[in-house]
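Next come the chains, spelled out residue by residue.
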Amino acid sequence: MSLENSVGVVAPQRVHFNESMTLKCGALLPGFELVYETYGTLNASRTNAVLVCHALSGGHHVAGVYANDPKNLGWWDNLVGPGKPLDTNRFFVVGVNNLGGCYGSTGPMSVNPETGKRYGADFPMVTVEDWVLAQSRLADHLGVDQWAAVMGGSLGGMQALEWTLQYPERIRHAMVIASAPKLSAQNIAFNEVARQAILSDPEFHGGHYAERGVVPVNGLRLARMVGHITYLSDSQMGEKFGRQLRKGEHQFSYDVDFEIESYLRYQGDKFAGFFDANTYLITTKALDYFDPAFDYDGDLGAALARAKAEFFVASFSTDWRFSPSRSREIVFALMKNRRRVVYAEIDCDAGHDSFLLDDAHYHAVLQAYLENITV
Amino acid sequence: MNISQLSKQERERFDFAVIGNWIPPGERVLDLGCGDGTLLRYLRETKEVTGYGVEIDHDSVLACIRNGVDVIQIDIEDGLSGFEDQSFNHVIISQALQAMHATERILTEMLRVADEAVVSFPNFAYRSNREAIAEGHMPVSEDLPYEWYETPNVRFFTIVDFEALCDKLGIEIRERLAFEETGQPVTDDPNLNGSLAFYRLGRKA
């Protein structure tokens, strides 16, 4: 990584909101905290703020590194920085850990003020709509009346889309990448497998594992493994691992034979080491429930009628988790409403995870769009 | 005006002006095979049109975005099913129809999504093209600027052929303009003297 186009050392910030918040599920959250990071400077007219929304496992650490953890690079560092496509010389960029998250914002690992114990399974289910509401409070706190853009990939793209519906006046551009207007049955099926892996782990203890000082490691591990398969393309997996054997010959055992097994186990172990199982459950449910057309008899065009933002929509040719046709649904619904929209279908071998990579054409397209945003 | 002496950009402007004359200000326009988006940009700047360009080529899509054009990267060969009936005033296909396979479907779809279509294409029966064939070669000209082994064009047709297809598809020819390679408008025997043809098309009543 070259230092001259890095945001460098960053530090997370924390804000507490005293005002309670009624969630979509009906539960009342008596105040909450969000952790966030900012890069670049908010201009005097406060017109250059860009919110970057995270997907399932991401958080507020979008770019740069921490002084005490110089290897912990932000998850979209290749995109955000001075001279990078999301140029921090022009934009004031905000990353936030969503409500229900496990990186410091109020979530299942937080202490419930009513009981003095960790929420665990008692943390209410939050939705994409709730996240956007919470993010709007952060915008208020930062003095941002209107985002120049809200952007994200996958579940992050759903939040960008939701912003245009919930606060049409507060967002000028929505950048919805590798996303979908709602999950398909297959998407929900994969989430359900992941949830069942966690829920059936003996160490889950009905979601109150933290009180017992344990972690449903096996469940989290399996959840991540199955998820990871869906983030990659068949061709890329074949290219990267093929049928390569770990020890050069068949072992006739259930230990690692093939390199792909080793890779998945490694990814699963790594994830289970830092991610919270309840957050995983909540987040997959938020994904499943997201469906702006639900109240419009499934008519996405009608659902998007109130959006005012200009849209950038992008998909990746090998993404089968959120395939290009899912992005086209959003694009056609926007065109039906005569909204301004750019749609790019990018050739990239890396499946759903492509949105995190620094593919040259992908970044050129993002840069071109972002450069045309007036601030 | 002698077109062959014009730069690529001036030549482009000539084509744009011909098309622009048929587009009333403030219309909603769809440009199929929009390339780098300069036609839409021109129409936006001179006619304040709104609408989209459709393009499949990655570099062209990037160029459109740089041009501030709302480009939709989809393959027109798959049809225009995502576009609603009569959602545009004009749909344009400027020197791109000859590079597409689904000719009939595209023409029919164009007049489903818009009230009128504007089509321009190189006339294969133009005199110098006929001469090249008579000499035993595939033509290379201002309006057919590719060698046979590198051309993106897949359909080679003439003014007469195109009008016969319009008739078959129930498409009304509302206006036709043809130009010599030099840019001179052609009135006499356009199928022989016209290098480039422009049409304004509608559905037959």
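Refer to the structure above for everything that follows.
Residues numbered from 1 in each chain as written. Chains lettered and ligands numbered in written order. Predicted model: local features only at pLDDT ≥ 70, side-chain atom pairs only at ≥ 80, totals over all residues. Heavy atoms only, no water.

1. What to know about the overall build of chain A
Link 1 in the chain: Tallying secondary structure elements over chain A gives ten helices and twelve strands in all.
Link 2 in the chain: Taken over C-alpha atoms, the radius of gyration comes to 20 Å for chain A, in line with the 21 Å a tight globule of 375 residues would show.
Link 3 in the chain: Considering only C-alpha atoms, chain A reaches an extent of 65 × 50 × 50 Å along its principal axes.
Link 4 in the chain: Restricting to contacts in chain A with at least 6 residues of sequence separation, those with at least 24 account for 72%. (Helix = DSSP H or I, 4+ residues; strand = E, 2+ residues; numbered from the N terminus. Rg over C-alpha atoms; globule rule 2.2 N^0.38 Å. Contact = heavy atoms within 4.5 Å.)

2. Concerning the overall build of chain B
Link 1 in the chain: If you tally the helices and strands in chain B, you get seven helices and seven strands.
Link 2 in the chain: Ordered by position in the sequence, the α and β elements of chain B form the string α-β-α-β-α-β-β-α-β-α-α-β-α-β.
Link 3 in the chain: Computed over its C-alpha atoms, the radius of gyration of chain B comes to 16 Å, within 12% of the 17 Å expected for a compact globule of 205 residues.
Link 4 in the chain: Seen through its principal axes, chain B has C-alpha atoms that stretch 45 × 40 × 30 Å.
Link 5 in the chain: A fraction of 66% describes how many contacts in chain B between residues 6 or more apart in sequence connect residues 24 or more apart.

3. Here we look at helix α6 (residues 259-272) of chain A
Residues and elements named next belong to chain A.
Link 1 in the chain: Over its 14 residues, α6 runs 20 Å from end to end, which matches the ideal 20 Å to within 8%, given 1.5 Å per residue.
Link 2 in the chain: Ile-260, Ser-262, Tyr-263, Leu-264, Gln-267, Gly-268, Phe-271 and Ala-272 are the residues of α6 that are buried.
Link 3 in the chain: As for α6, its buried residues are in contact with α4 (217-231), α5 (234-240) and α7 (277-289). (Expected span 1.5 Å × (residues − 1). Buried < 20%, exposed > 50% of the residue type's maximum accessible area, 1.4 Å probe, protein only.)

4. Quick word on the packing of aromatic side chains
Link 1 in the chain: One pass over the full model with this rule turns up 30 aromatic pairs over all chains.
Link 2 in the chain: Plain terms: the ring middles of Phe-274 of chain A and Phe-275 of chain A are 6.4 Å apart, the flat faces sit at 80° to each other, and that makes the pair edge-to-face.
Link 3 in the chain: By relative accessible area, Phe-275 of chain A is classed as buried at 4%.
Link 4 in the chain: With 4.6 Å between their ring centres and 40° between their planes, Phe-121 of chain B and Phe-157 of chain B make a pair best called tilted. (Phe/Tyr/Trp six-rings, centres within 6.5 Å; stacked < 30°, edge-to-face > 60°.)

5. Looking at the side chain of His-352 of chain A
Residues and elements named next belong to chain A.
Link 1 in the chain: Inspection of the secondary structure puts His-352 in the loop between β12 (341-346) and α10 (360-371).
Link 2 in the chain: Here Ser-154 takes part through its side chain, which lies 2.8 Å from a polar atom of the side chain of His-352.
Link 3 in the chain: Contacts of His-352, omitting those with residues within four sequence positions, involve Ser-154, Ala-178, Thr-230, Tyr-231, Asp-319, Arg-321 and Phe-322. (Polar contact = N/O pair within 3.5 Å; in protein donor to acceptor, adjacent residues only side chain to side chain.)

6. Re a nonpolar patch on the surface
Link 1 in the chain: Taken together, the side chains of Ile-133, Met-138, Trp-148, Tyr-149 and Phe-156 of chain B define a hydrophobic patch exposed on the protein surface, amounting to about 590 Å² of accessible area.
Link 2 in the chain: Within the element layout of this structure, Tyr-149 of chain B appears in the loop between α5 (127-134) and α6 (159-168). (Patch = residues over 30% accessible without salt bridge, like charges linked within 9 Å, V, L, I, M, F, W, Y side chains within 5 Å. Areas by Shrake-Rupley, 256 points an atom, 1.4 Å probe, with all protein chains shown as cover. Salt bridge = Lys/Arg side-chain N within 4 Å of Asp/Glu carboxyl O.)

7. Observations regarding the pattern of salt bridges
Link 1 in the chain: Overall, the coordinates contain 26 salt bridges over all chains when judged by the stated rule.
Link 2 in the chain: Put simply, Lys-336 of chain A and Glu-84 of chain B hold a salt bridge, and the shortest N to O gap is 3.8 Å. With Lys-336 of chain A in helix α9 (residues 324-336) and Glu-84 of chain B in the loop between β3 (71-72) and β4 (88-94), this residue pair bridges two chains.
Link 3 in the chain: On the basis of relative accessibility, which here comes to 37%, the residue Glu-84 of chain B falls in the partly exposed class.
Link 4 in the chain: Here Arg-112 of chain B ties to Glu-109 of chain B by a salt bridge, and the two come within 2.8 Å at their closest N and O atoms. One end of the pair, Arg-112 of chain B, and the other, Glu-109 of chain B, are both in helix α4 (residues 103-113), three residues apart, so they sit about a helical turn from each other.
Link 5 in the chain: Residue classification places Glu-109 of chain B among the buried residues on the basis of a relative accessible area of 16%.

8. Observations concerning the pairing of strand β1 (residues 28-32) of chain B
Residue and element names in this part refer to chain B.
Link 1 in the chain: Summarising burial for β1: five of the five residues are buried, a large majority.
Link 2 in the chain: Burial along β1 is two-sided: Arg-28, Leu-30 and Leu-32 and Val-29 and Asp-31, pointing in opposite directions, are all buried.
Link 3 in the chain: With five bridges joining them, β1 and strand β2 (residues 50-54) adopt parallel strand pairing. Across the sheet, the residue bridging to Asp-31 is Gly-53, located in β2.
Link 4 in the chain: Taken together, β1, helix α2 (residues 38-47) and β2 constitute a β-α-β crossover, and its handedness is right-handed.
Link 5 in the chain: In this sheet, β4 lies alongside β1 in parallel orientation, the contact comprising four bridges. Along β4, the bridge assignment pairs Leu-32 with Ile-93. (Pairing = 2+ DSSP bridges. Right-handed = clockwise from strand over helix to strand, strands pointing away.)

9. A closer look at the interface of chain A and chain B
Link 1 in the chain: Listed by partner, the interface residues are 22 residues for chain A and 20 residues for chain B.
Link 2 in the chain: Counting each side, the surface lost to burial between chain A and chain B is near 1,800 Å², with a carbon and sulfur contribution of 58%.
Link 3 in the chain: Viewed at the interface, chain B and chain A are joined by two salt bridges.
Link 4 in the chain: Inspection of the chain A/chain B interface yields eight residue pairs in polar contact (both at pLDDT 80 or more).
Link 5 in the chain: Looking at the side of chain A that touches chain B, the elements that each hand over two or more residues are α9, β12 and α10 of chain A.
Link 6 in the chain: In the side of chain A that touches chain B, the residues fall into 13 nonpolar, two polar and seven charged. (Buried area = accessible area lost by both parts, 1.4 Å probe. Nonpolar A, V, L, I, M, F, W, Y, C, P; charged D, E, K, R; others polar.)

10. Let's talk about unusual backbone geometry
Link 1 in the chain: One non-glycine residue, Arg-46 of chain A, lies in positive phi territory at about 55°.
Link 2 in the chain: Relative to the helices and strands, Arg-46 of chain A resides in the loop between β4 (32-39) and β5 (49-53).
Link 3 in the chain: In this structure, Gln-95 of chain B takes a positive phi of about 50° despite not being glycine.
Link 4 in the chain: For Gln-95 of chain B, a relative accessible area of 25% translates into the label partly exposed.

11. A closer look at the packing of helix α3 (residues 185-199) of chain A against α7 of chain A
The geometry of a pair of packed helices is captured by two quantities: the angle between their axes and the separation between those axes.
Residues and elements named next belong to chain A.
Link 1 in the chain: Following both chains from N to C, one finds α3 and α7 inclined at 160°, their axes separated by 10 Å at the closest point. With respect to each other, α3 and α7 are oriented roughly antiparallel. In this structure, α3 crosses over α7, and the sense of that crossing is left-handed. Contacts between α3 and α7 involve Ile-188, Asn-191, Ala-194, Arg-195, Ile-198 and Leu-199 from the first element and Ala-277, Tyr-280, Leu-281, Thr-284, Lys-285, Leu-287 and Asp-288 from the second.
Link 2 in the chain: Of the residues that constitute the contact of α3 with α7, the class distribution is eight nonpolar, two polar and three charged. (Axes fitted to C-alpha atoms, helices over the stretch in contact; angles between N-to-C directions. Parallel < 35°, antiparallel > 145°, perpendicular 65-115°, else oblique. Left-handed = near helix turned anticlockwise from the far one by under 90°.)

12. Side note on the side chain of Thr-127 of chain A
Link 1 in the chain: In this fold, Thr-127 of chain A is placed in the loop between β8 (92-96) and α1 (128-142).
Link 2 in the chain: Not counting the four nearest positions on each side in its chain, Thr-127 of chain A is found in contact with Lys-24 and Ala-286 of chain A.

13. Looking at the environment of Arg-338 of chain A
Link 1 in the chain: Among the secondary structure elements, Arg-338 of chain A is positioned in the loop between α9 and β12.
Link 2 in the chain: Relative accessible area serves as the criterion here: at 48%, Arg-338 of chain A is assigned to the partly exposed category.
Link 3 in the chain: Taking the C-alpha atoms as reference points, Arg-338 of chain A and Ile-229 of chain A, 109 residues apart in sequence, are found 37 Å from one another.
Link 4 in the chain: Discounting chain neighbours no more than four positions away, the residues touching Arg-338 of chain A are Arg-28, Tyr-52 and Ser-87 of chain B.

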